[in-house]
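Per-entry structural report
Below, each chain spelled out in residue letters.
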Amino acid sequence: MELNKSIENALIDAVRILPEDVERVIRKALETEKDSRGRLVLEKIVQNIDVAASSALPLCQDCGMFYVWVEVGDRARFNIAALEEEIYKGCESAAQKAFYRKSIVTEPVFERENSQTNLPPVINYELKKGSSDIILHFLLKGFGSENCSSVRMINPTAGEEGVVNAVLDMMKKAGGKPCPPVFLGVGVGGTMDRAAQLSKKALIREAGSYNPDPRYRAMEERLLKEINAVNIGPGGLGGENTCLSIAVESAPTHIAGLPVALSVNCWADRKASVRILGGYDGNTAPTV
Amino acid sequence: MAILHLPFEEEELKSIKAGDEVLITGKLYVGRDQVHLRFKEILDRGGNLPIDFEGNGIYYMGPSPAPDGYEIGACGPTTSQRMDPFSPLMLSKGLRVMVGKGPRAKAVLDAVEKYHGLYLQAFGGCGALYASCVKKKSVVAYPELGPEALLLLEVENFPTICMADSSGNYLPSAIFV
């Protein structure tokens with residue numbers, strides 16, 4: 001199968017059907033939520049998941065902006081122009097065939113004219129040592145939640161306390177706006193933009209997974225607990241299920257800084273992955 | 001569980017209290033950012049709006065395209081806060097019922113009290129579920145705005161929660177902090 005077809009198929013499903021890890025934590029939240037309004041919101045969310053899965057309707061009218069995190073193995077065949085052409089083709093035809101809302105404007109400040117294709121996607125690349133494959137991780141990034149994402153440049157001596165306080169403050173400001181219960185990605189370190197990219201990479205991680213570094217794992221557990229103690233709750237109407245999963249990713253940074261970025265995703269945490277065995281240089285590629 | 005028929009009867013609207021689960025049945029207008037901007041420009045010029053607010057409500061929403069055989073695509077609420085700069089003006093011109101999601105500015109909640117309106121929150125992200133509550137859809141004006149066009153829906157048992165009621169009561173989560 002042509003690569004763009006594999007991408008198209010993955011994205012046709014992603015707009016209607018949540019990944020298993022995401023659906024699992026949402027259904028678990030409905031079992032545990034004690035707040036009656038919070039539970040009502042979770043009941044509607046689960047009904048919505050069922051309607052979308054058994055119809056041709058997207059989960060949400062905001063079908064998001066295509067965001068692609070590309071892991072490129074250092075032994076993979078790789079032609080960036082050929083790969084991007086396939087990504088663009090796959091995104092455009094999935095948006096057409098799966099009835100995505102056209103939500104992308106070609107110019108941000110002045111014309112704001114709709115591209116009518118949901119193109120372009122946002123694409124980032126990362127070199128992966130010891131691999132001969134390319135993996136495309138897609139997010140359908142909704143903007144009710146993206147409008148609550150942000151970066152803070154905190155004091156380098158602020159440490160873990162500073163990171164936790166910055167994330168908590170950003171979430172308190174977000175409140176019910178990003179369609180909680182949310183999925184959160186946190187990026188710490190790098191430059192301002194690198195931290196922001198890492199926060200997206202963190203969103204790609206499986207829901208409920210942990211950072212392999214025990215200190216960051218402890219930070220993830222602490223953040224999850226403290227955010228869920230704020231009583232924002234499902235739909236912002238109260239309850240203990242505000243955040244269902246949080247992932248922290250880190251990178252080296254400068255002696256004078258500690259960038260902290262938060263990417264907020266709504267409960268409809270729509271993701272897809274396509275692995276290209278051996279990489280891609282423009283010839284037909286096997287995918288899984 | 002409360003029911004709100006649209007166009008509304010005064011008594012029914014006033015019986016709905018903050019915190020109630022409210023099912024809407026009837027005719028519901030749809031307009032979001034660009035419709036609000038255009039309405040404000042018309043009102044600033046002293047012109048007439050393409051719709052009469054009397055007895056009606058407005059839903060902040062921009063649907064995805066309707067798949068073959070469907071009346072409408074996914075059609076859940078968008079964030080109400082972006083309409084805050086316009087809502088007190090709309091309420092002063094006769095709008096009484098707003099449907100969206102998320103907290104509002106204090107000025108909007110004050111205007112809801114002053115004009116005895118309602119702010120109802122629809123369930124965020126539940127676009128497929130809401131499509132199953134829409135029986136009919138028509139474009140009233142501004143088709144060039146695509147998903148942001150001014151629409152009229154016929155809805156049945158469209159689920160919401162009352163965030164702010166006509167007596168000036170509101171849930172703590174109704175106000176933007």
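Everything numeric in this text was worked out from a predicted model, so none of it was measured.

This next bit is on the overall build of chain A. Across its full length, chain A holds 8 helices and 10 strands. Relative to the globule expectation of 19 Å for 288 residues, the C-alpha radius of gyration of chain A, 19 Å, shows essentially globular dimensions. Dimensions along the principal axes, computed over C-alpha positions, put chain A at roughly 50 × 50 × 40 Å. Looking at chain A as a whole, 56% of its 288 residues qualify as buried. Within chain A, contacts between residues separated by at least 24 positions form 80% of all contacts whose residues are at least 6 apart in sequence. Entry remark: accessible area of chain A is about 12,100 Å², with carbon and sulfur atoms responsible for 52%. Computing the positive centroid from 34 side-chain charges and the negative centroid from 37, chain A places the two 3 Å apart.

Glancing now at the overall build of chain B. Assigned secondary structure in chain B consists of 5 helices and 7 strands. Going from N to C terminus, chain B has its helices and strands arranged as β-α-β-α-β-α-β-α-β-α-β-β. Relative to the 2.2 N^0.38 estimate, which gives 16 Å for 177 residues, the radius of gyration of chain B is 15 Å and therefore close to what a compact globule would have. Taking the principal axes of the C-alpha coordinates as reference, chain B spans close to 45 × 40 × 30 Å. Counting every position in chain B, which comprises 177 residues, the buried fraction comes to 58%. Taking contacts inside chain B between residues at least 6 apart in sequence as the whole, the part at least 24 apart equals 62%. Just so you have it, chain B exposes about 6,800 Å², and 49% of that area is on carbon and sulfur atoms. Each charge class in chain B was averaged separately, 17 positive and 21 negative side chains, and the resulting centres sit 5 Å apart.

Looking now at the interface of chain A and chain B. Interface size is commonly expressed as the accessible area that is lost once the parts come together. Taken together, the contact between chain A and chain B spans 29 residues of the former and 37 residues of the latter. With both chains or domains summed, chain A and chain B bury close to 2,600 Å², and 65% of this area falls on carbon and sulfur atoms. Here chain A is connected to chain B by 0 salt bridges. For the side of chain A that touches chain B, the element with the highest residue contribution is helix α3 (residues 36–53) of chain A, accounting for 9 residues. Of the residues belonging to the side of chain A that touches chain B, the class tally is 16 nonpolar, 7 polar and 6 charged.

So, about the layout of surface pockets. Unoccupied space between atoms shows up once a probe the size of one water molecule is rolled over them. All names here are of chain A. Put simply, the second largest pocket is a space of about 370 Å³. If you go around the second largest pocket, you meet 17 residues; those closest to its centre are Lys28, Leu224, Asn228, Cys243 and Leu244. Residue assignment for the lining of the second largest pocket shows that the elements contributing at least two residues are α2 (20–32), α8 (214–228) and β7 (243–253). Among the residues forming the lining of the second largest pocket, the class breakdown is 7 nonpolar, 6 polar and 4 charged.

Residues and elements named next belong to chain A. The sheet built from 4 strands is open, its strands ordered β5-β8-β6-β7 with mixed pairing. Single-partner strands in this sheet number two, and they are β5 (150–154) and β7. On average, each strand axis in the sheet is inclined to that of its neighbour by 15 degrees, with strand direction left out of account. With 5 bridges joining them, β5 and strand β8 (residues 258–265) adopt antiparallel strand pairing. Along β8, the bridge assignment pairs Ser150 with Leu262.

All right, on to the nonpolar core then. Core analysis: the biggest nonpolar cluster contains 91 residues, and A:Ile26, A:Trp267, B:Tyr59 and B:Phe158 have the highest contact counts within it. The residue makeup of this core includes at least three contributed by each of domain 1 (1–16 + 56–142 + 269–288) and domain 2 (143–265) of chain A. The residues contacting B:Phe158, other than those within four sequence positions of it, are B:Val22, B:Leu23, B:Ile24, B:Leu28, B:Tyr59, B:Val99, B:Ala122, B:Tyr130 and B:Cys133. Core analysis: the second largest hydrophobic core is formed by 31 residues, A:Leu11, A:Phe66, A:Ala95 and A:Ile134 among them.

Let's shift gears to the packing of helix α6 (residues 159–174) of chain A against α8(A). All names here are of chain A. Axis separation between α6 and α8 bottoms out at 10 Å; the angle between their running directions is 35 degrees. Helix-helix and strand crossings are classified by hand; for α6 and α8 the assignment is right-handed. Two secondary-structure elements touch here, α6 through Glu160, Glu161, Val163, Val164, Val167, Leu168 and Met171 and α8 through Met219, Arg222, Leu223, Glu226 and Ile227. Of the residues belonging to the contact of α6 with α8, the class tally is 8 nonpolar, no polar and 4 charged.

A few words on the side chain of B:Asp84. All names here are of chain B. Tracing the sequence through the fold places Asp84 in the loop between β3 (57–59) and α3 (87–92). Overall, Asp84 belongs to the buried group, its relative accessible area being 11%. Side-chain polar atoms of Asp84 contact the side chain of Arg104, separated by 2.6 Å. A polar side-chain atom of Asp84 sits 2.7 Å from the main-chain amide nitrogen of Ala105. Those residues within four positions of Asp84 in sequence are excluded, and the remaining contacts are Pro103, Arg104, Ala105 and Val108.

Residue and element names in this part refer to chain B. Every buried residue belonging to helix α4 (residues 106–114) is among Val108, Leu109, Ala111 and Val112, and all of these are buried. One side of α4 holds all its buried residues, which, seen down the axis, span an arc of 160 degrees. Those residues of α4 that are buried lie in contact with α3, β4 (97–100), β5 (118–122) and β7 (150–164). Just past α4, the residue His116 takes up positive phi, approximately 55 degrees.

A separate point is the domain arrangement of chain A. Residues and elements named next belong to chain A. For chain A, the assigned domains are domain 1 (1–16 + 56–142 + 269–288) and domain 2 (143–265). Centre-to-centre, using C-alpha coordinates, domain 1 lies 25 Å away from domain 2. Listed as interface residues are 12 residues of domain 1 and, on the opposing side, 16 residues of domain 2. Of the roughly 1,300 Å² buried between domain 1 and domain 2 on both sides combined, carbon and sulfur atoms contribute 57%. Of all residues in domain 1, Trp69, Lys141 and Asp269 give up the largest surface area on contact with domain 2, accounting jointly for 43% of the area buried on that side. In this structure, the connection of domain 1 to domain 2 is made through 2 salt bridges. Here Glu146 and Lys141 are joined by a salt bridge, their closest N and O atoms 3.2 Å apart. Taken together, the links from domain 1 to domain 2 amount to 10 residue pairs in polar contact (both at pLDDT 80 or more). Mapped by element, the contributors of at least two residues to the side of domain 1 that touches domain 2 are β1 (65–73), β3 (122–128) and β4 (134–141).

Rules of the game
Residues numbered from 1 in each chain as written. Chains lettered and ligands numbered in written order. Predicted model: local features only at pLDDT ≥ 70, side-chain atom pairs only at ≥ 80, totals over all residues. Heavy atoms only, no water. Helix = DSSP H or I, 4+ residues; strand = E, 2+ residues; numbered from the N terminus. Rg over C-alpha atoms; globule rule 2.2 N^0.38 Å. Buried < 20%, exposed > 50% of the residue type's maximum accessible area, 1.4 Å probe, protein only. Contact = heavy atoms within 4.5 Å. Areas by Shrake-Rupley, 256 points an atom, 1.4 Å probe, with all protein chains shown as cover. Lys, Arg positive; Asp, Glu negative; His and termini not counted. Charge placed at Lys NZ, Arg CZ, Asp CG, Glu CD. Buried area = accessible area lost by both parts, 1.4 Å probe. Salt bridge = Lys/Arg side-chain N within 4 Å of Asp/Glu carboxyl O. Nonpolar A, V, L, I, M, F, W, Y, C, P; charged D, E, K, R; others polar. 1 Å grid on protein atoms, 1.4 Å probe; cavity = no way out; pocket = protein on both sides within 12 Å on 5 of 7 lines; lining within 4 Å. Points joined across faces, edges and corners; volume = space filled by probe spheres on them. Pairing = 2+ DSSP bridges. Axes fitted to C-alpha atoms, helices over the stretch in contact; angles between N-to-C directions. Core = buried A, V, L, I, M, F, W, Y, C linked by side-chain atoms within 4.5 Å. Domains from an automatic or database assignment. Left-handed = near helix turned anticlockwise from the far one by under 90°. Polar contact = N/O pair within 3.5 Å; in protein donor to acceptor, adjacent residues only side chain to side chain. Arc of directions from axis to C-beta.

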